[in-house]
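# Residue-level structure breakdown
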Amino acid sequence: MPARFLKKRSEKIGLAPGSLVFVGEKKMEKPKVRLINYNNSNLQEIELQIIRESDKFKKIETVTWLNVDGLHDDDLIRDIGNEFELDSLILEDIMNTGQRPKLEEFDNAIFIVAKMLNYDETKDEIISEQLSLVIGENFLLTFQERVGDYFEPVRNRIRKSKGRIRNAGVDYLAYALLDTVVDNYIMSIEKLGEKIEDIEEEIIDNPDPEILEKIQDFKREVNFMRKGIRPAREFILQLSKIDSDLVDDNTIPFLKDLLDLITQAVESVEVYREMLNDQLNIYHTSVSNKMNEVMKILTIFAAIFIPLTFIAGIYGTNFEYFPELGFKYSYFIFWGILITVGLIMLRYFKNKNWL
Amino acid sequence: MPARFLKKRSEKIGLAPGSLVFVGEKKMEKPKVRLINYNNSNLQEIELQIIRESDKFKKIETVTWLNVDGLHDDDLIRDIGNEFELDSLILEDIMNTGQRPKLEEFDNAIFIVAKMLNYDETKDEIISEQLSLVIGENFLLTFQERVGDYFEPVRNRIRKSKGRIRNAGVDYLAYALLDTVVDNYIMSIEKLGEKIEDIEEEIIDNPDPEILEKIQDFKREVNFMRKGIRPAREFILQLSKIDSDLVDDNTIPFLKDLLDLITQAVESVEVYREMLNDQLNIYHTSVSNKMNEVMKILTIFAAIFIPLTFIAGIYGTNFEYFPELGFKYSYFIFWGILITVGLIMLRYFKNKNWL
Amino acid sequence: MPARFLKKRSEKIGLAPGSLVFVGEKKMEKPKVRLINYNNSNLQEIELQIIRESDKFKKIETVTWLNVDGLHDDDLIRDIGNEFELDSLILEDIMNTGQRPKLEEFDNAIFIVAKMLNYDETKDEIISEQLSLVIGENFLLTFQERVGDYFEPVRNRIRKSKGRIRNAGVDYLAYALLDTVVDNYIMSIEKLGEKIEDIEEEIIDNPDPEILEKIQDFKREVNFMRKGIRPAREFILQLSKIDSDLVDDNTIPFLKDLLDLITQAVESVEVYREMLNDQLNIYHTSVSNKMNEVMKILTIFAAIFIPLTFIAGIYGTNFEYFPELGFKYSYFIFWGILITVGLIMLRYFKNKNWL
Amino acid sequence: MPARFLKKRSEKIGLAPGSLVFVGEKKMEKPKVRLINYNNSNLQEIELQIIRESDKFKKIETVTWLNVDGLHDDDLIRDIGNEFELDSLILEDIMNTGQRPKLEEFDNAIFIVAKMLNYDETKDEIISEQLSLVIGENFLLTFQERVGDYFEPVRNRIRKSKGRIRNAGVDYLAYALLDTVVDNYIMSIEKLGEKIEDIEEEIIDNPDPEILEKIQDFKREVNFMRKGIRPAREFILQLSKIDSDLVDDNTIPFLKDLLDLITQAVESVEVYREMLNDQLNIYHTSVSNKMNEVMKILTIFAAIFIPLTFIAGIYGTNFEYFPELGFKYSYFIFWGILITVGLIMLRYFKNKNWL
Amino acid sequence: MPARFLKKRSEKIGLAPGSLVFVGEKKMEKPKVRLINYNNSNLQEIELQIIRESDKFKKIETVTWLNVDGLHDDDLIRDIGNEFELDSLILEDIMNTGQRPKLEEFDNAIFIVAKMLNYDETKDEIISEQLSLVIGENFLLTFQERVGDYFEPVRNRIRKSKGRIRNAGVDYLAYALLDTVVDNYIMSIEKLGEKIEDIEEEIIDNPDPEILEKIQDFKREVNFMRKGIRPAREFILQLSKIDSDLVDDNTIPFLKDLLDLITQAVESVEVYREMLNDQLNIYHTSVSNKMNEVMKILTIFAAIFIPLTFIAGIYGTNFEYFPELGFKYSYFIFWGILITVGLIMLRYFKNKNWL
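Residues numbered from 1 in each chain as written. Chains lettered and ligands numbered in written order. Predicted model: local features only at pLDDT ≥ 70, side-chain atom pairs only at ≥ 80, totals over all residues. Heavy atoms only, no water.

Counting its secondary structure elements, chain A contains nine helices and seven strands. What you see for chain A is a C-alpha radius of gyration of 34 Å, clearly larger than the 20 Å of a compact globule of 355 residues, by over 25%. In terms of overall dimensions, chain A has C-alpha extents of about 120 × 45 × 30 Å along its principal axes. Split into buried and exposed, the 355 residues of chain A put 61% on the buried side. For chain A, the accessible area works out to roughly 14200 Å², and carbon and sulfur atoms hold 48% of it. (Helix = DSSP H or I, 4+ residues; strand = E, 2+ residues; numbered from the N terminus. Rg over C-alpha atoms; globule rule 2.2 N^0.38 Å. Buried < 20%, exposed > 50% of the residue type's maximum accessible area, 1.4 Å probe, protein only. Areas by Shrake-Rupley, 256 points an atom, 1.4 Å probe, with all protein chains shown as cover.)

Put into structure tokens, the structure is as follows:
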């Protein structure tokens, strides 16, 4: 099983920086390139076959959003790089899906790498997909690992020419997408959090190994989430303080709002992390409690019946001279002794509050 | 059970920012809007049916405090927003009761989201309610989730025209309300703290599972509290350093005092958090101690009576040639052996300090 | 039992700031007010009945130290406030003994709240008393909860007109008092620390529940101490960097020295906190060790004698056809088997290093 | 066994700084000195016997890379120091393989000490080798402890005159080497991480002591790695912000990229550290679970058969007057009692969910 | 036993600052004062009887190093103070061996307090001795608690007029001494670290109480060390950034080198602290593992032989009507049952992987 917390880079060692090598799992056959071009009056959506086609949109004063699904085709990525004059370091990072989320400023572009996280409830697992954004002067490039994303509502808002989005620029579109990404963080945390809070009660009442396994799984997923969300907070903070022509002052309040949201996400992840730690501790303590109970039962049985068995053993010996055996009432006295000893032991454990 | 540490946002995903969607539990039928208008000579209290009525108070140089109980009516919120020219982001946050406490400056207003926390001693649970404040030039808007609050003493101070409050501005009224909120934090921590300190002794003497459950509950409540109180410290710090026309210099010392108070609240929460961690550790150790005791009792009984039973067993065998059985004093020697072995064992455990 | 880590504020909720309400335990009947007035040539000590009497000292260029023991008399506090023109927030804080230690600058005064801590060795408990200092231009006001303090040596230094104190100003006197307070922190930590270091050895050799109780108690006391000492470091740092006419440059080196001292106090508290954590962990581990030992004894006895008892049991059966029973040497062979099995078991446990 | 986390310095105590004493293990016989000299048109590779030979390359405007394998020959190091006018502190640090990774600026050179880490999968051990770099105006000196390194791909890039490397300066070459070093960090973490993630499942299902040993080993290796990687992040940060003529502005973006990479390395190490802590806790809890299970089995057997044995014991006594023994159906009633008692016990444990 | 982590200050409470009171253990009879005076051509070493003798060295432009062994003679300290015009706060701190390591700047001197730490391998204990340094314009004063120190190699370097030391100033001499002190930190950590790493293996294989005691001891010593070394890092950092005429620019690189060294010391101490925490956790887990093993043995014996004993018990009953007893093959069938039951149990435990 490959390490889930770190993606294979071995094939890249020693290569010159800027070398385009796809690092990741190939999740689809042929990449798909979609382009949306709009301003407040016009809207055009096409699926591109040749990158050159996007050329005509570059010159005019509209917002052009080019979305690529599938990252393994280095020719395609190189073409896009040439078309939009992107630094080779950007292209390299886009193709390396093991990137740490980050923001980098270039002369003509802001480059953002983020993780889209989704809680797959059937597998109880967080699915991570890398999203790269390049914010240019009048274009936004987005790169995803596979077809299918959370951005359909944003596309619908564009299509319906509703709200601020059709009047605002590229930076606002980028904000809208990042907002959707963070919304999904919150939702994933929420789903996972519900499950974490759900086991709370069982931990004390019924600390079986299955619960322990759940705690372990949740811990791993929370850590995995945290690895994607915490650096996201960093770059959203950077973005909300950025001093760049590419980000309009009117977008800043929205980015600050987004910062609040991601901060809440980060804090919630931390809360659940600590909750899981607490749960593990309480679980362990609870197991000790249960063991204590088991031990008490064992001790009660042993302490009552072992002495009684011993007494019975004495009268089972075959000594020829054994005066008591011959007495008529011996048998009843014997029972009397057994019952007395038994009652004394019961009382003793009663006093200890074990019964 | 929905996650308590994160409120459902799923219905909001992909919506444009500023969309008015109520997030939370609807806690009452019809929102209630109360308005208090005062300066140092006059005072007026009315319950508004139509927001427009508040119009006349806006122009004059008095303090207008509009309080809304109930947040689910988006038309009402929108009307208030129009009337007082609030940014749509403010309105959105007011209706989303899952907000992280924060302060945001706008051109014409300071917007604060806080949590009112109350320790419900019957359920041993912290009840949280969202409070939003908008500090405008001559008006203060407050939004709560339901009727009934801690602000009655402040209203009484206004009504009795007693103290500084009738001579000071909107900022001082906001301070007075926040002070009441923080006072309630302190009181809730205090109540919870008493319960936490109370179980201290039982932990060692009587570590039963009920105590463990209490520790777990208190941990959850303390964490829940912390989630509301820590960001409150942040925004009170921000407020006490704010450079805005909306906050008068004379109010700053009061805000600094409030900062001391909330700092104390935050530190107390941390103290109780650590105390609970310590309690859990000590509880666990104490359970081990108890188990040790149980084991000792078991071992003493087993180690004394199992050998004795064995000896009795030997003399219970039916060998035809068994010389000892025929001797006259065998029976007494047998008892002698039993008593000797028993005493040796007792002494052994005495030496081990187990008895 | 009221929460020890937070003092009752409930009676204050909703009151206007500056309201004089005593929060704390009333520790004496009638407050006592003592005044010392001195310069390098003269010295006067009187017990004041009426605050007005202090009037004549205010005008002249001497150091006036007014000490109040007992805080529950709001009239007295109000009179002092009027006499020395103190802000109402100062008066409020003086009467509230649940204050967090802090320093606040006012126009004409520096206000300090500190905790005097004393380790009561008979009860193994830290006793806390609130000390408020107001540093004015030529007067120092100190407020304590009850008669009896650590300041007698300072008074003696003033009386003997020895050393720098009679030539220096109010700020130096304040330093001298704070120095005494910090000295007492160190001494309290030292006393507690000795006890903590003392139990170190017993933890492994003899981890009985009493030791656990001690660890719990020490943890509580160390936390309680820490709550008073850490904020004290903050305000001494503030004081040593203060830019105020009320603190002379010549006093700064002394304040820096004091800062070193309180830093040492804070660090020592942290060291003991960690030491107690370590002790708890080692204690727990040690209990497990002991249990292991108990279990081994039980297992040895059980594993040796249960099989032997079984063998004896076989020859105690009453089968009519039981060939071995009739053989002459059966009895001796029987013993041989018992001894062999016993020795094998002993050797087994010897090999396991259990014996 | 010498301490692995700290290298022997004892022989150096009291010596003047700048004394050349080799600290470390001598890993080869005779040091090997290789020189590569290139610009974008020419390339020369030689193995130097006498350091003086490098003289001719110093004057011309090419990049000269002198690599030394083997550090124990102080004459050689001194010669190089003289030839390239290095500060004696640099030479001392080069020979002391126990150095903490760091960057130091000198007037004419930037001096970097780094650790090359390699995960030896056969021994499950991180192998560390010290790499020192001196970045001069037109030369780069590298010092390694032994022959064989990760730099062959970089040499090949130089040889093939491919990519940016032949056109860029010494700083870029240094970057290329450090990039290779960090790539190897990532790869080592990845290998170790895979093994750490692999044991995850066994921890709950089969917590045997071997797994515990693995956790202990991995913890040690992760800590060892961390000790080399964390300071590396510091000096790469320093380097990416350096204000020196020796580092060209064009190299800065590459250094920032490298900083992202090392940050990812540091974070991954932290993630695995925490994962190991979690694993240890879960392992411990799991052992308690197993013990609980063992105890239950013991208790079930003991609680069922000890009472039954006692009952059999009663009817094994030899009382002369023992009415039941004579009844015809006694034997069957006896069996009835045994079975009833046994069933009651079974039901009892069934109700407790132990079966 | 006095607290080792805090030295007695009680005798000083309430005294004026600057009072000369010796705090510590008196480690020798009569203090010893040695003076070395040198420049690059001359050298003089004398043992002073009267401090006045040092007078003649003060005026000339040479380096004068006055070393005092033994701190309890307040007259001597006062004389030195007068002779070299030291602030009374310096003198007080020199005599108080419970000082926290620190650096203080005065008008004419830099005052440093450090701890010399030495690992006494016979007692497995860190021995601490206070070293005070006063760096003046052309003199260096050093104060130690007793005769015998690590500075002999420095003296030899001075005597042999070898290296930089004879040409450099007082600051370089101070550096050379501090370097020796830090070298000894490293060596002490190394010795302790070796012992800590040595027990690693035994923890899992053989977790006996002796190992636990060692872990406890090492923890205490590491904490003790840390208390001396961490503040040393602070003052060396301060010194390396100092802006004072008393420290020459040429000495700064050496101080930076020293800073690297002490940073390494601090980090190593932290590494060993964490390693000990890990060891304690692993030890505890390992004890649980051992207990599990013990329990398994017990359970196997009990679960096999208790049922068998019960069966034997049945056939030991004395029912008159007991059909099986009379059958000829009963005895063999009986053995058959015993063996079958035994084998079933063995198989059961085999399946559970306990055998």
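Having put the structure on the table, let's press on.
Let us look at the environment of Asn37 of chain C. Residues and elements named next belong to chain C. Within the secondary structure, Asn37 sits in strand 1 (residues 32–38). Residue Asn37 is classed as buried on the basis of its relative accessible area of 5%. A sequence separation of 57 residues divides Asn37 from Ile94, and the C-alpha atoms of the two residues are 22 Å apart. Look past the residues within four positions of Asn37 in its chain and what remains in contact with it is Asn42, Leu43, Gln44, Phe57, Thr62, Val63 and Thr64. Looking at Asn37, its side chain comes within polar contact range of the side chain of Thr64, at 2.8 Å. (Contact = heavy atoms within 4.5 Å. Polar contact = N/O pair within 3.5 Å; in protein donor to acceptor, adjacent residues only side chain to side chain.)

Turning to the interface of chain E and chain C, a few remarks are in order. How big an interface is tends to be stated in terms of the accessible area lost upon association of its parts. Contact residues are listed per partner, giving 65 residues for chain E and 68 residues for chain C. Across the interface of chain E and chain C, roughly 6000 Å² is buried in total on both sides, 65% from carbon and sulfur atoms. Linking chain E to chain C there are eight salt bridges. Ionic pairing is found between Lys102 of chain E and Asp257 of chain C, a salt bridge with its closest N-O pair at 3.7 Å. Counting every contact that joins chain E to chain C gives 17 residue pairs in polar contact (both at pLDDT 80 or more). At the level of elements, helix 3 (88–95), strand 4 (102–105), helix 6 (209–240), helix 7 (252–314), helix 8 (323–326) and helix 9 (330–351) of chain E are the ones that each hand at least two residues to the side of chain E that touches chain C. Split into classes, the residues belonging to the side of chain E that touches chain C amount to 33 nonpolar, 14 polar and 18 charged. (Buried area = accessible area lost by both parts, 1.4 Å probe. Salt bridge = Lys/Arg side-chain N within 4 Å of Asp/Glu carboxyl O. Nonpolar A, V, L, I, M, F, W, Y, C, P; charged D, E, K, R; others polar.)

What follows is about unusual backbone geometry. Residue and element names in this part refer to chain A. Residue Glu85 is not a glycine yet carries a positive backbone phi of 55°. As for its position among the elements, Glu85 is in the loop between helix 2 (74–83) and helix 3 (88–95). Its relative accessible area of 57% is what places Glu85 among the exposed residues.

This part takes up the relation of the copies chain D and chain E. Aligned on chain E, chain D shows an RMSD of 0.1 Å; the corresponding rotation is 72° and the shift along the axis is 0.1 Å. Read as a symmetry element, the transformation amounts to a five-fold axis. Minimal C-alpha separation from the rotation axis in chain D is found for Gly316 of chain D, amounting to 4.7 Å. Comparing interface residues between copies, only 14% of those in chain D also sit at the interface in chain E, which points to a heterologous contact through distinct surfaces. (Least-squares fit on C-alpha atoms with pLDDT ≥ 70 in both.)

All names here are of chain E. Strand 1 (residues 32–38) sits mainly inside the fold: five of its seven residues count as buried. Bridging between strand 1 and strand 3 (residues 63–69) involves seven bridges; their strand directions are antiparallel. Note on strand 3: the bridge partner recorded for Arg34 is Asn67. Counting the residues that bridge the hairpin from strand 1 to strand 2 (residues 43–48) gives four residues. (Pairing = 2+ DSSP bridges.)

Next up on the list: the pairing of strand 6 (residues 125–135) of chain D. Residues and elements named next belong to chain D. In terms of residue burial, strand 6 counts as a mostly covered element, since nine of its eleven residues are buried. Taken together, the eleven bridges between strand 5 (residues 110–120) and strand 6 define a ladder with antiparallel strand orientation. Counterpart to Ala114 in the pairing with strand 6 is Leu131. Adjacent in sequence and paired antiparallel, strand 5 and strand 6 are bridged by four residues, among which Asp124 carries a positive phi angle near 50°. Relative to strand 7 (residues 139–144), strand 6 runs antiparallel, the two sharing five bridges.

This structure, assessed with the given rule, holds 130 salt bridges over all chains. A salt bridge links Arg100 of chain C to Glu234 of chain C; the nearest nitrogen and oxygen atoms lie 3.1 Å apart. Here the residue Arg100 of chain C occupies a position in the loop between helix 3 (88–95) and strand 4 (102–105), and Glu234 of chain C occupies one in helix 6 (residues 209–240), the gap between them amounting to 134 residues. Judged by relative accessible area, Glu234 of chain C falls into the partly exposed class, the value being 40%. Here the residues in one salt-bridge network are Glu45, Asp149, Glu152, Arg155 and Arg159 of chain A, joined through shared partners.

Time to look at helix 7 (residues 252–314) of chain B. With 63 residues, helix 7 of chain B extends 92 Å between its outermost C-alpha atoms, agreeing within 8% with the 93 Å of an ideal straight helix rising 1.5 Å per residue. Here helix 7 of chain B lies mainly inside the structure; 52 of its 63 residues are buried. (Expected span 1.5 Å × (residues − 1).)

Partitioning chain A into structural domains gives domain 1 (10–286) and domain 2 (293–351). Computed over C-alpha atoms, the centres of domain 1 of chain A and domain 2 of chain A are 74 Å apart. (Domains from an automatic or database assignment.)

This part takes up the sheet that holds strand 1 of chain C. Residues and elements named next belong to chain C. Pairing within the open sheet is mixed, and its seven strands lie in the order 2-1-3-7-6-5-4. Single-partner strands in this sheet number two, and they are strand 2 (43–48) and strand 4. Across the sheet, the axes of successive neighbouring strands diverge by a mean angle of 15°, strand direction being ignored. Along the sheet, helix 4 (residues 152–159) contacts strand 1, strand 2 and strand 3 (63–69); its crossing angle with strand 1, the most-contacted strand, is approximately 35°. (Axes fitted to C-alpha atoms, helices over the stretch in contact; angles between N-to-C directions.)

Further remarks concern the packing of helix 6 (residues 209–240) of chain A against helix 5 (residues 170–205) of chain D. Following both chains from N to C, one finds helix 6 of chain A and helix 5 of chain D inclined at 160°, their axes separated by 10 Å at the closest point. It follows from the interaxial angle that helix 6 of chain A and helix 5 of chain D lie roughly antiparallel. In this structure, helix 6 of chain A crosses over helix 5 of chain D, and the sense of that crossing is right-handed. Contacts from Pro209, Leu212, Glu213, Gln216 and Arg220 of chain A of helix 6 of chain A reach helix 5 of chain D at Glu200, Ile203, Ile204 and Asp205 of chain D. Tallied by class, residues from the contact of helix 6 of chain A with helix 5 of chain D come to four nonpolar, one polar and four charged. (Parallel < 35°, antiparallel > 145°, perpendicular 65-115°, else oblique. Left-handed = near helix turned anticlockwise from the far one by under 90°.)

Let's shift gears to the confidence of the model for chain A. Considering every residue of chain A, the mean pLDDT works out to 89; 97% of them sit at 70 or more. Summarising per-element confidence for chain A, the mean pLDDT is lowest in helix 1 (residues 55–59) of chain A (76) and highest in strand 7 (residues 139–144) of chain A (95). (pLDDT = per-residue confidence, 0-100.)

Turning to the interface of chain D and chain E, a few remarks are in order. Contacts between the two partners involve 65 residues from chain D and, on the opposite side, 68 residues from chain E. Around 6000 Å² of area is buried between chain D and chain E when both sides are counted, 65% of it from carbon and sulfur atoms. The interface formed by chain D and chain E holds eight salt bridges in total. Joining chain D to chain E, the criterion identifies 17 residue pairs in polar contact (both at pLDDT 80 or more). The element best represented in the side of chain D that touches chain E is helix 7 (residues 252–314) of chain D, accounting for 19 residues. In terms of residue class, the side of chain D that touches chain E is built from 33 nonpolar, 14 polar and 18 charged.

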